Amino acid sequence: MGEYEIYPAYEDFFEYNGSTEIIRTRKLNRMGQSPKLLIIDDDEHILAKLCYFLSDKNYDVTSASDGLEGMKLFENDQQGFDLVITDIVMPKISGMGLISIIKKRFPDTPVIAITGWGEYPGAFATESQADKVLSKPFELSELEKAINELIFSKRPNVQD
Amino acid sequence: MATPLIGISESIERIRELILHVADTRLNILITGETGVGKEVVAQNLYQESQRKDKPFIKVNCAALPDGLLESELFGFERGAFTGADRNKRGKFELAHQGVIFLDEIGDMSPSLQSKLLRVLQSGEFSPLGSEREVRSDAWVIAATNQDLEKNVKERLFREDLYYRLSTIKIYIPALRNRPEDIPPLIDYYIEEYSSEFDRKKIPTPDPDTMEKLKAYSWPGNVRELQNILCRCRVISNWEEIIRDLYPEGRSAAVSRSGEQVFDRDSIFDVFLDFKSEYSQDNASFSLKKITKEAADRVEKEVISSVLDITDWNLTKASKILKISCNTIRYKISDLDIKKQRKYRSLKGARLLMSF
């Protein structure tokens, strides 16, 4: 991992192979590892699809099927997640609740809210300090773009 | 100190876990579940686990008061706001400042009050009745209902935006019949609780067989019903009697030899006022006269059938016992569709026969 360098902006995510040659392969977090994502959605189908897509893109993905389970994973993770993706309408702890709790305790952790039906979940997602709100259905590429923006745009350029 | 949340079921474990995770978040909470499952107990536990436990816990039952009165209870009023308002009165939201306001039966709140509540949840501000001043309240809102609010939202009986605001955290308490493993610990807890309250008389612990019957019972009134049963047991100290009352077999209609139900005092409603039967389909056919005729027919049929069996269908003997003519008994056999049963003689019947 040590030979990789990281670029700050999502569109230029390349990894250095240690020389001058730039290889478009993978993006790493500040620990030099694949970015850790926590995805929470009570819709198994959507959860599976998101996990499959993002794992395939080389993210380190952890998933939960309700807000409480997500909350526990978040609190118990030693290393910390680089980003959280959560649905809004869920049993037990809603996405709104989860985002409020995360933002209160870990304000630097970016959160993407994905919302389903109705006008209110979207409005609440915005109100609850989500860094980005995506309404279902959305393009997976749009999600990936948002993830990269949020994880890497906030980071200092390690080359500087 | 709040009543602890008793139970060993997975669902109760998850609720305990959820309480610990959210008690200090101040996020609005909606507690749902059938009547008697212990929604207020969960609210009290949330309060006790929070940093607000030394502040007020104010309970308001939204179904108990008419609309206008509930509004003045929640938000207070200024002197002169309405006839009889001869002083200022602080509302429950103001009293619950920095503490908890527990809105029980929230599903019964009127649409106009729902709007006002929504405003409080959004801004934390409200105006008492007849007042122009804005009051700020940092009350933590915990609401509860036994209604299906999602259904009410679809039917436009409950505001959708208010529903989402209230249900930031949702705690659903399953009915007791769906978590029978919680019944023994609940019984142990209340035996201890009630016995110490009246320490001279300890409630007997149910034996394994009784416990199985208690676990299999449907508990329509949930934990509250179980509490009532234990209170009763404290008085009568007899589980057998309680089990007899809990199980419909113990009080349902006796089944006659002809396979039909005959009534006893407790089963009249089951037999003759069965609202699943034709009476409920057509109210016009429901009458006391009709029920009386039906009851009389059933009794006649049962008695004649018994006497005929006792006398081996000797119509002369039977008519003598029944004090009716042979022709009448023939008519009754045909009219009431009485059929020969397998050989049956009760002790009572034998005595009756011997007397003739």
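Note that the structure is predicted; figures quoted are calculated from it, not measured.

Engineer: Please explain the overall build of chain B as it appears in this structure.
Structural biologist: Per the secondary structure count, chain B includes 18 helices and 11 strands. Taken over 356 residues, chain B has a buried fraction of 30%. For chain B, the proportion of contacts with a sequence separation of at least 24, taken over those separated by at least 6, is 69%.

Engineer: Honestly, the packing of helix α2 (residues 67-76) of chain A against helix α3 (residues 95-105) of chain A in this entry has me stumped. Any pointers?
Structural biologist: To describe two helices that pack against each other, one gives the angle between their axes and the distance between the axes. Residues and elements named next belong to chain A. The geometry of α2 relative to α3 is characterised by a closest axis approach of 10 Å and an angle of 20° between their N-to-C directions. In this view, α2 runs roughly parallel relative to α3, as classed from their interaxial angle. Every pair of crossing elements has a handedness; the one defined by α2 and α3 is right-handed. Of α3, the residues touching α2 (which contributes Gly67, Gly70, Met71 and Phe74) are Gly95, Gly97, Leu98, Ile101 and Ile102.

Engineer: How should the sheet that holds strand β3 (residues 36-40) of chain A be read in this particular structure?
Structural biologist: The strands making up a sheet associate through backbone hydrogen bonding, with each pair oriented either parallel or antiparallel. Residue and element names in this part refer to chain A. The 5 strands are arranged β4-β3-β5-β6-β7 in an open sheet whose pairing can be described as parallel. Looking at the sheet topology across the chains shown, the edges are occupied by β4 (60-64) and β7 (132-135). Strand-to-strand twist of the sheet, defined as the mean angle between neighbouring strand axes without regard to direction, takes the value 20°. Two elements, strand β6 (residues 111-115) and β7, share 4 bridges in a ladder whose sense is parallel. Residue pairing across strands places threonine 115 opposite serine 135, the latter belonging to β7. Sitting on the sheet, helix α1 (residues 44-56) is in contact with β3, β4 and β5 (83-87), with an inclination near 170° to β4.

Engineer: What am I meant to see in the interface of chain A and chain B here?
Structural biologist: Taken together, the contact pairs 14 residues of chain A with 13 residues of chain B. Per-element accounting of the side of chain A that touches chain B gives the leading share, 4 residues, to α3(A). Broken down by class, the residue content of the side of chain A that touches chain B amounts to 9 nonpolar, 4 polar and 1 charged.

Engineer: Would you mind showing me how to read the packing of helix α16 (residues 315-322) of chain B against helix α17 (residues 326-335) of chain B here?
Structural biologist: All names here are of chain B. Packing of α16 against α17 leaves a shortest axis separation of 9 Å and a crossing angle of 100°. When the axis of α16 is compared with that of α17, the two are roughly perpendicular. Residues Leu315, Thr316, Ala318, Ser319 and Leu322 of α16 pack against Cys326, Ile329 and Arg330 of α17. Here the contact of α16 with α17 is composed, by residue class, of 5 nonpolar, 2 polar and 1 charged.

Engineer: Which parts of the structure should I look at to understand the pairing of β6(A)?
Structural biologist: A regular strand places its side chains on the two faces of the sheet in alternate fashion. All names here are of chain A. Within β6, 5 of the 5 residues are buried, which leaves it mostly tucked inside the rest of the structure. Burial of β6 is two-sided: the residues Val111, Ala113 and Thr115 facing one way and the residues Ile112 and Ile114 facing the other way are all buried. The pairing of β5 with β6 spans 4 bridges and is parallel. Its bridge partner lying in β6, aspartate 87 is registered against isoleucine 114. For the crossover from β5 across α3 to β6, the handedness is right-handed.

Engineer: Hey, could you run me through the sheet that holds strand β5 (residues 100-104) of chain B in this one?
Structural biologist: Residues and elements named next belong to chain B. A sheet is described by the order of its strands in space; here 5 strands give the open sequence β2-β5-β8-β1-β9, paired in parallel fashion. Two strands in the sheet have a free side with no partner beyond their single neighbour: β2 (57-61) and β9 (169-172). Averaged over all adjacent pairs, the angle separating strand axes in this sheet is 20°, with direction ignored. As judged from the 4 bridges shared by strand β1 (residues 29-32) and β9, these two strands associate in the parallel manner.

Engineer: Looking at this structure, how should I read unusual backbone geometry?
Structural biologist: With an omega dihedral of -5°, the bond running from Lys136(A) to Pro137(A) counts as a cis peptide bond. Position of Pro137(A) relative to the elements: it lies in the loop between β7 and α5 (140-152). The backbone of Asn58(A) sits at a positive phi, close to 75°, despite the residue not being glycine. Structurally, Asn58(A) can be placed in the loop between α1 and β4. Residue Asn222(B) is not a glycine yet carries a positive backbone phi of 55°. Within the element layout of this structure, Asn222(B) appears in helix α10 (residues 222-236).

Engineer: Hey, could you run me through the confidence of the model for chain A in this one?
Structural biologist: Do not read the fine detail of predicted coordinates wherever pLDDT is low. Predicted confidence across chain A gives a mean pLDDT of 78, with 75% of residues reaching 70 or more. For the stretch residues 156-160 of chain A, pLDDT sits under 50, and the model shows 4 contacts to residues farther than four places along the chain or on other chains.

Engineer: Would you mind showing me how to read the environment of Ile321(B) here?
Structural biologist: Tracing the chain through its elements places Ile321(B) in helix α16. On a C-alpha basis, the gap between Ile321(B) and Ser127(B) in space is 83 Å, while along the polypeptide they are 194 residues apart.

Engineer: I'm lost on the environment of Gly107(B) in this one. Help?
Structural biologist: Residues and elements named next belong to chain B. Note on placement: glycine 107 falls in the loop between β5 and α5 (111-123). On the basis of neighbour counts, which here come to 19 C-beta atoms within 10 Å, the residue glycine 107 falls in the partly exposed class. With 112 residues separating them along the chain, glycine 107 and tryptophan 219 place their C-alpha atoms 23 Å apart. Excluding its chain neighbours within four sequence positions, the residues that come into contact with glycine 107 are Thr145, Gln147, Leu149, Asn152 and Phe158.

Engineer: I keep staring at the nonpolar core and nothing clicks. Help me out?
Structural biologist: A general feature of soluble globular proteins is that nonpolar side chains tend to end up buried together. Membership of the largest hydrophobic core comes to 98 residues, with the highest contact counts inside it found for Ile112(A), Val100(B), Ile101(B) and Ile142(B). Built from parts of two domains, this core gets at least three residues from each of domain 1 (10-174) and domain 2 (177-250) of chain B. If you look at the next biggest cluster of nonpolar residues, it comprises 7 residues, including Ile304(B), Val307(B), Ala318(B) and Ile321(B).

Thresholds applied
Residues numbered from 1 in each chain as written. Chains lettered and ligands numbered in written order. Predicted model: local features only at pLDDT ≥ 70, side-chain atom pairs only at ≥ 80, totals over all residues. Helix = DSSP H or I, 4+ residues; strand = E, 2+ residues; numbered from the N terminus. Buried ≥ 20, exposed ≤ 12 C-beta atoms within 10 Å, placed from the backbone. Contact = placed C-beta atoms within 7 Å. Axes fitted to C-alpha atoms, helices over the stretch in contact; angles between N-to-C directions. Parallel < 35°, antiparallel > 145°, perpendicular 65-115°, else oblique. Left-handed = near helix turned anticlockwise from the far one by under 90°. Pairing = 2+ DSSP bridges. Nonpolar A, V, L, I, M, F, W, Y, C, P; charged D, E, K, R; others polar. Right-handed = clockwise from strand over helix to strand, strands pointing away. pLDDT = per-residue confidence, 0-100. Core = buried A, V, L, I, M, F, W, Y, C linked by C-beta atoms within 7 Å. Domains from an automatic or database assignment.

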